[in-house]
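Residues per chain are reported as follows:
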Amino acid sequence: MRYVTAGESHGPELVAIVEDVPAGLKVSADLIDYDLSRRQSGYGRGGRQTIERDRARIVSGIRFGRTLGSPVGLVVENRDWANWTDRMVADGQPPANLKREVTPRPGHADLVGALRTNTDDCRDILERASARETAARVAAAGIAREFLAELGVEIYSYVVSVGDVALKEADPMGDAARYNPMAIETSEMRCPDSATTEAMKQAINCARRQGESLGGTFRVVATGLVPGLGTYAQARGRLTSQLAQAVFSIPAIKGVEFGLGFEAARRPGSQVHDPILLGNAAFDRASNNAGGLEGGMTTGLPLVITAAMKPIPTLMTPLSTVNLETLQPEEASKERSDVCAVPAAAVVAEAEVAFVLATAYQEAFGNTCMADIRQNLAAYRDRLKTLAR
């Protein structure tokens, strides 16, 4: 299962097409819209979120609430398009008073994209490089999430840190699978601890007053996975490489860890690897330091991924840059932006993880129709039980 998106930040709409969708999958437009609203939430968001009320319009591949086995097309309209029509129209001539973006922002795709494409207007780059595009990803992932849910897999995320404010966890890998999702979703920072949530909000308030932006870290957790998804046989087929690539595809993500991550490099092997146990007619582990992955495959324990997001490049107190027109020093441009978008990035990461896991299930159990996939998965689970007897 894979997707492709199209559309600009201030264009009329974002478009997503999801391919290799099995027939017979029940899909709820309301659940897709709920995830879109989660992507727009979080303390520290900018003015764009007061304009947009993202909803997905399904235009193909689904009939009477179930997939047909053909590509699923979805559209998310940009309300802000009404304010940008003359500057972003697809045909015709640019207006005489068009303001070109010639002061690229450090940390953004502006300058490098302009150099790559030989344009003197960074607007041509920033419209697509904008994180607004991730709304289409989240809409598309609604299909993958429904597919996984039917197979007993749930995905959620939570914010671990913003700036220098961090959630205190005695057992990060164990705690990650024990948090109450309701506590996460009712937090303005999507953080399961109320005191940490308030401290994060204060850090954002301070950054806003200083014209700054803040990054942070978040975790994505997937539960209900069967062991053995992925492969050890080919490098690109390993789930570690696929998941890392997927999470790194999100704008501003600068680091990805599985399980203990870099902490594993500081410990001896006896404090890193997870002892194997046998119980309840199935293999188990005494710990989950690996974060649910060994040798590029799932272990059956919760998948735990931690990602680091850099601060957003648009600053209300801009850094210095070079004007592309005059080649003189100048302040970088200011685009309406967030102070902190870590909670939103976590939701986008859920979407990316969902596609990788959905594809892994299809590779293992088929991708034609849900009836066959469920039957194949049930047979696999039964076989695993016989191995543990």
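Since we're looking at a predicted model, the values are computed, not measured. (Residues numbered from 1 in each chain as written. Predicted model: local features only at pLDDT ≥ 70, side-chain atom pairs only at ≥ 80, totals over all residues. Heavy atoms only, no water.)

1. Side note on the overall build of the protein
Just so we agree on the cut-off: In this description a helix means any DSSP run of H or I spanning at least four residues, a strand means any run of E spanning at least two, and both kinds are numbered starting from the N terminus. Taken over C-alpha atoms, the radius of gyration is set against a globule rule of 2.2 Å times the number of residues to the power 0.38. Working definition of accessibility: Shrake-Rupley area with a 1.4 Å probe, residue cover restricted to the visible protein chains. The charge count includes Lys and Arg as positive and Asp and Glu as negative, but it does not include His or the ends of the chains. Charge positions are represented by NZ for Lys, CZ for Arg, CG for Asp and CD for Glu.
Looking only at helices and strands, the protein has 12 helices and 17 strands in total. Relative to its length of 389 residues, the protein is compact, with a C-alpha radius of gyration of 22 Å against a globular reference of 21 Å. Of the roughly 18,600 Å² of accessible surface on the protein, a fraction of 53% belongs to carbon and sulfur atoms. Charge centroids of the protein, computed over 43 positive and 47 negative side chains, lie 3 Å from each other.

2. A closer look at helix H1 (residues 29-40)
Heads up, the condition is: Helix span, expected: 1.5 Å multiplied by one less than the number of residues in the helix. Throughout this description, buried means an accessible area under 20% of the type-specific maximum (1.4 Å probe, protein chains only), exposed means over 50%, and partly exposed covers the range between. What qualifies as a polar contact is a pair of N or O atoms within 3.5 Å, subject to a donor-acceptor requirement within protein and to the restriction that residues adjacent in sequence count only when both atoms come from side chains.
Between its first and last C-alpha atoms H1 spans 17 Å; for 12 residues at 1.5 Å apiece the expected length is 16 Å, and the two agree. Among the residues making up H1, those that are buried are Ile32, Asp33, Asp35, Leu36, Arg38, Arg39 and Gln40. Its side-chain oxygen placed 3.3 Å from the backbone nitrogen of aspartate 30, serine 28 serves as the N-cap of H1.

3. Points about the pattern of salt bridges
Side chains carrying opposite charge are able to pair once their charged atoms draw close together. Selection rule: The term salt bridge refers to a side-chain nitrogen of Lys or Arg lying within 4 Å of a carboxyl oxygen of Asp or Glu.
For the structure shown, the criterion picks out 29 salt bridges. Its salt-bridge partner being arginine 132, residue aspartate 54 comes within 2.8 Å of it at the nearest N-O pair. Residue aspartate 54 is located in the loop between helix H2 (48-51) and strand S3 (56-60), and its partner arginine 132 is located in the loop between helix H5 (123-129) and helix H6 (134-150); the two are separated by 78 residues in the primary sequence. Since its relative accessible area comes to 1%, aspartate 54 is described here as buried. Residues arginine 100 and glutamate 325 are paired through a salt bridge, measuring 2.3 Å at the closest nitrogen-oxygen approach. Placement of the pair is arginine 100 in the loop between helix H3 (85-88) and helix H4 (110-117) and glutamate 325 in the loop between strand S16 (320-322) and strand S17 (329-331), with a sequence separation of 225 residues. On the basis of relative accessible area, glutamate 325 is assigned to the exposed category, the value being 54%.

4. Focus on unusual backbone geometry
With a phi close to 55°, arginine 190 is a non-glycine residue in the positive phi region. Its identity is not glycine, yet leucine 327 carries a phi of approximately 60°, on the positive side. Relative to the helices and strands, leucine 327 resides in the loop between S16 and S17. By relative accessible area, which is 63% here, leucine 327 ends up exposed.

5. Observations regarding the sheet that holds strand S10 (residues 253-258)
Just so we agree on the cut-off: Pairing between two strands is assigned when DSSP locates at least 2 bridges connecting them. Whether two residues are in contact is decided by their heavy atoms: any pair within 4.5 Å suffices. Each axis is a line fitted through C-alpha atoms, and for a helix only the stretch in contact is used; angles between axes span 0 to 180 degrees, taken between their N-to-C directions.
The sheet built from 5 strands is open, its strands ordered S8-S7-S9-S15-S10 with antiparallel pairing. If you trace the sheet from one side to the other, it starts and ends with strand S8 (165-166) and S10, each paired once. Where strand S9 (residues 216-223) lies against strand S15 (residues 303-309), 7 bridges are found, and the strand directions are antiparallel. If you follow alanine 222 over to S15, its bridge partner there is leucine 303. On top of the sheet, helix H10 (residues 239-248) reaches S10 and S15; it is set at about 150° to S10, its chief contact.

6. Describing the sheet that holds strand S2 (residues 13-19)
On the basis of which strands lie adjacent, the open sheet formed by 4 strands has the order S1-S2-S6-S3 and antiparallel pairing. Here the strands that pair on one side only, and so sit at the sheet edges, are strand S1 (2-6) and S3. Taken pair by pair, the neighbouring strands of this sheet meet at an average axis angle of 25°, ignoring direction. Pairing geometry for S3 and strand S6 (residues 72-77), over 4 bridges, is antiparallel. Bridge pairing links alanine 56 to valine 76 in S6. Together, S3 and S6 form the strand contacts of H1, whose direction differs from that of S3 by roughly 135°. Sheet contacts for H6: S1, S2, S3 and S6; angle to S2, the most-contacted strand, approximately 35°.

7. Details of a nonpolar patch on the surface
For the record, the criterion: Patch definition: residues above 30% relative accessible area lacking any salt bridge, with like charges linked at up to 9 Å and the nonpolar side chains Val, Leu, Ile, Met, Phe, Trp and Tyr linked at up to 5 Å.
Residues Ile276, Leu278, Phe283 and Leu387 make up a contiguous nonpolar surface patch of about 460 Å² in total accessible area. Mapping isoleucine 276 onto the fold places it in strand S11 (residues 276-279).

8. Observations concerning the nonpolar core
Put simply, the rule is: Residues grouped as a nonpolar core are buried Ala, Val, Leu, Ile, Met, Phe, Trp, Tyr and Cys residues, joined through side-chain atoms within 4.5 Å.
With 91 residues, the main nonpolar core has Phe147 and Tyr361 as its most contacted residues. For this core, the element with the most residues is helix H11 (residues 342-365), which contributes 15 residues. The contact partners of phenylalanine 147, leaving out residues within four places of it in the chain, are Met1, Pro22, Leu25, Ala358, Tyr361, Gln362, Met370 and Ile373.

9. A closer look at H4
Stated formally: By construction, the arc corresponds to the directions joining the helix axis to the C-beta atoms.
Listed in full, the buried residues belonging to H4 are Asp110, Gly113 and Ala114. The arc enclosing the buried residues of H4, seen along the axis, measures out at 100°, which places them on a common side. The outward face of H4, more than 90 degrees from its buried face, is lined by the exposed residues Val112, Leu115 and Arg116. Looking at the buried residues of H4, the elements they touch are H5. Backbone geometry just downstream of H4 places asparagine 118 in the positive-phi region, at approximately 60°.

10. Examining the packing of H1 against H6
As a reminder of what qualifies: In what follows, roughly perpendicular refers to angles from 65 to 115 degrees, roughly parallel to angles under 35, roughly antiparallel to angles over 145, and oblique to any angle outside these ranges. We call a crossing left-handed when the near helix sits turned anticlockwise from the far one by less than a right angle, and right-handed when that turn is clockwise. All residues other than Ala, Val, Leu, Ile, Met, Phe, Trp, Tyr, Cys, Pro, Asp, Glu, Lys and Arg, Gly among them, are scored as polar; the first ten of these are nonpolar and the last four charged.
Taken N-terminus to C-terminus, the directions of H1 and H6 make an angle of 140°; their axes are 9 Å apart at the nearest point. Here H1 is positioned oblique relative to H6, judged by the angle of their axes. Relative to H6, the crossing made by H1 is right-handed. Note on element contacts: H6 touches H1 through Thr134, Ala135, Val138, Ala139, Gly142, Ile143, Arg145 and Glu146, opposite Leu31, Ile32, Asp35, Leu36, Arg38 and Arg39. Grouping the constituent residues of the contact of H1 with H6 by class yields 7 nonpolar, 2 polar and 5 charged.

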